[in-house]
Amino acid sequence: MTKIGVFGANGRMGQALIEAVEIEQGAQLAAAFVRSSSPFLETPIKALQPVHSSELTFSDEEAKECHAEVLIDFTLPQGMLVHLKTAIDNKVPMVIGTTGLADDEMAQLREAAKVIPIVFARNFSVGVNLLLNLVQTAATKLADEMDIEIFEAHHRNKIDAPSGTALAIGEAIAEAKGWDHDEVARYDRSSDHTAKSQDEIGYSVLRAGDIVGEHTAYFATMGERLELTHKAASRLTFASGAVRAAQWLKNKPAGLYDMQDVLGLK
Ligand SMILES: NC(=O)C1=CN([C@@H]2O[C@H](COP(=O)(O)OP(=O)(O)OC[C@H]3O[C@@H](n4cnc5c(N)ncnc54)[C@H](OP(=O)(O)O)[C@@H]3O)[C@@H](O)[C@H]2O)C=CC1
Ligand SMILES: O=C(O)C1=N[C@H](C(=O)O)C[C@H](O)C1
């Protein structure tokens, strides 16, 4: 049995994580945390996620006392860093799905992984993690004059762009091509009126309605086009992957792991 603590329990992913812990065999909810300023503090978990118990939510400042064997964070970068400090101070492994991390925030995560085991993934679905391998095959096997573009679509409330998954796909392609991702990524064509180069990865973004998460990598040339697409239909897909990662991580040594490690896809 793996006892799991969930941060951001009132968030979209927090609620999906509580449901996933309930569903997954061998997982148990140690505690659900919200911010100490949250209107959801000390409300029944059942109010957030009906399938769960009527135990109350705790403040994330109380996480050190919850006896969780693994902590899961899908919040925002500034919240994740506070929660990460709690995990380090208490030597508790952590699963992190928060996206939109700046370089210095990513550096802090890497430092933390020298002390505790961490699974960090910008997408916890099986399909996207397979897609990361498929785009590398396409990037290396297809002719060099292919145009490479990445499109992502998400719900209206997503604030980081491009999505963490889109960037992970672009970074996987850049690695396969031997490119420096930061040099080849092109995010905005509105002020740069030059033709498409085959040595660049273009990104485009859509935000609308309740789209859970869709990603397409395009490999196009004259006369043909390959599109590799993943569509998530439910947040439970990501949440179940994160709970699986937590169970996998429980007894691992300190280090930075990703979902491909968990799934054995490397
Ligand atoms: N890796 C993956 O597979 C996936 C990653 N994500 C990522 O997960 C993250 C959350 O997404 P989502 O659930 O849709 O977002 P929501 O806005 O629904 O939830 C965010 C949660 O984080 C909490 N939070 C925000 N800031 C802080 C802070 N400073 N300290 C403590 N808690 C804080 C919020 O609390 P409050 O309500 O009090 O503000 C809320 O509970 C995003 O980064 C998203 O990209 C999402 C899906 C899949
Ligand atoms: O915010 C979301 O919703 C999602 N975020 C992740 C990302 O940024 O890639 C994963 C998923 O697509 C949903």
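Computed from a predicted structure; not experimentally measured. (Residues numbered from 1 in each chain as written. Chains lettered and ligands numbered in written order. Predicted model: local features only at pLDDT ≥ 70, side-chain atom pairs only at ≥ 80, totals over all residues. Heavy atoms only, no water.)

Chemist: Looking at this model, I keep getting lost on the layout of surface pockets. Mind explaining?
Modeler: Gaps between atoms show up when a probe of the same size as a water molecule is rolled over them. Volume-wise, the largest pocket comes out at about 1,200 Å³. Broken down by secondary-structure element, the contributors of at least two residues to the lining of the largest pocket are α1 (12–23), α3 (77–89), α6 (164–177), β10 (213–221) and α8 (235–249). Ranked by the residues each element gives to the lining of the largest pocket, the list is headed by α3, at 7 residues. When grouped by side-chain class, the residues that make up the lining of the largest pocket number 12 nonpolar, 26 polar and 10 charged. Residue-level mapping places the lining of the largest pocket at the junction of two domains, with at least three residues from each of domain 1 (2–120 + 235–262) and domain 2 (126–232). (1 Å grid on protein atoms, 1.4 Å probe; cavity = no way out; pocket = protein on both sides within 12 Å on 5 of 7 lines; lining within 4 Å. Points joined across faces, edges and corners; volume = space filled by probe spheres on them. Helix = DSSP H or I, 4+ residues; strand = E, 2+ residues; numbered from the N terminus. Nonpolar A, V, L, I, M, F, W, Y, C, P; charged D, E, K, R; others polar. Domains from an automatic or database assignment.)

Chemist: Please explain the site of ligand 2 as it appears in this structure.
Modeler: Taken together, 13 residues sit near ligand 2, with His154, His155, Lys158, Gly164 and Thr165 positioned nearest. Within the side chain of histidine 155, a nitrogen or oxygen atom sits 2.9 Å from an oxygen atom of ligand 2. At a separation of 2.5 Å, an oxygen atom of ligand 2 approaches a polar side-chain atom of threonine 165. Coverage of ligand 2 by the protein amounts to 86% of the 320 Å² it exposes when considered alone. A molecule is said to occupy a pocket when more than half its atoms come within 2 Å of that pocket's grid points, and by this definition ligand 2 occupies the largest pocket. (Near = heavy atom within 4 Å. Polar contact = N/O pair within 3.5 Å; in protein donor to acceptor, adjacent residues only side chain to side chain. Areas by Shrake-Rupley, 256 points an atom, 1.4 Å probe, with all protein chains shown as cover. Sits in = over half its atoms within 2 Å of the grid points.)

Chemist: Sorry if this is basic, but what is going on with a negative patch on the surface here?
Modeler: Where like charges cluster on the molecular surface, the negative patch consists of Asp103, Asp104, Asp180, Asp182 and Glu183. Going through the elements one at a time, α4 (103–112) and α7 (181–184) are the ones with two or more residues in the negative patch. (Patch = residues over 30% accessible without salt bridge, like charges linked within 9 Å, V, L, I, M, F, W, Y side chains within 5 Å. Salt bridge = Lys/Arg side-chain N within 4 Å of Asp/Glu carboxyl O. Lys, Arg positive; Asp, Glu negative; His and termini not counted. Charge placed at Lys NZ, Arg CZ, Asp CG, Glu CD.)

Chemist: I keep staring at the UniProt feature "domain: Dihydrodipicolinate reductase C-terminal" (unreviewed entry) in the protein chain and nothing clicks. Help me out?
Modeler: Under the UniProt annotation, the feature "domain: Dihydrodipicolinate reductase C-terminal" (unreviewed entry) is placed at residues 127–263. Helix makes up 39% of residues 127–263 and strand 28%, whereas the separation of the span's terminal C-alpha atoms amounts to 11 Å. (UniProt positions renumbered as here; feature names shortened; annotations may be inferred.)

Chemist: Whenever I open this one, α6 confuses me. Can you help?
Modeler: One full turn of an α-helix is made of 3.6 residues, so residues set three or four places apart face in the same direction. Between its first and last C-alpha atoms α6 spans 20 Å; for 14 residues at 1.5 Å apiece the expected length is 20 Å, and the two agree. Within α6, 10 of the 14 residues are buried, which leaves the element mostly enclosed by the surrounding structure. Buried within α6 are the following residues: Gly164, Thr165, Ala166, Leu167, Ala168, Ile169, Gly170, Ala172, Ile173 and Ala174. The secondary structure elements touched by the buried residues of α6 are α5 (126–141), β7 (147–154), α7, β9 (201–207) and β10. (Expected span 1.5 Å × (residues − 1). Buried < 20%, exposed > 50% of the residue type's maximum accessible area, 1.4 Å probe, protein only. Contact = heavy atoms within 4.5 Å.)

Chemist: Any chance you could explain the sheet that holds β7 here in plain terms?
Modeler: Within a sheet, adjacent strands bond to each other through the backbone by hydrogen bonds, running parallel or antiparallel. The 5 strands are arranged β8-β9-β7-β10-β11 in an open sheet whose pairing can be described as mixed. Strands with a single pairing partner mark the edges of an open sheet, and in this sheet they are β8 (185–186) and β11 (224–232). In this structure, β8 lies alongside β9, joined through 2 bridges in parallel fashion. Within the sheet, the bridge partner assigned to alanine 185 lies in β9 and is isoleucine 201. (Pairing = 2+ DSSP bridges.)

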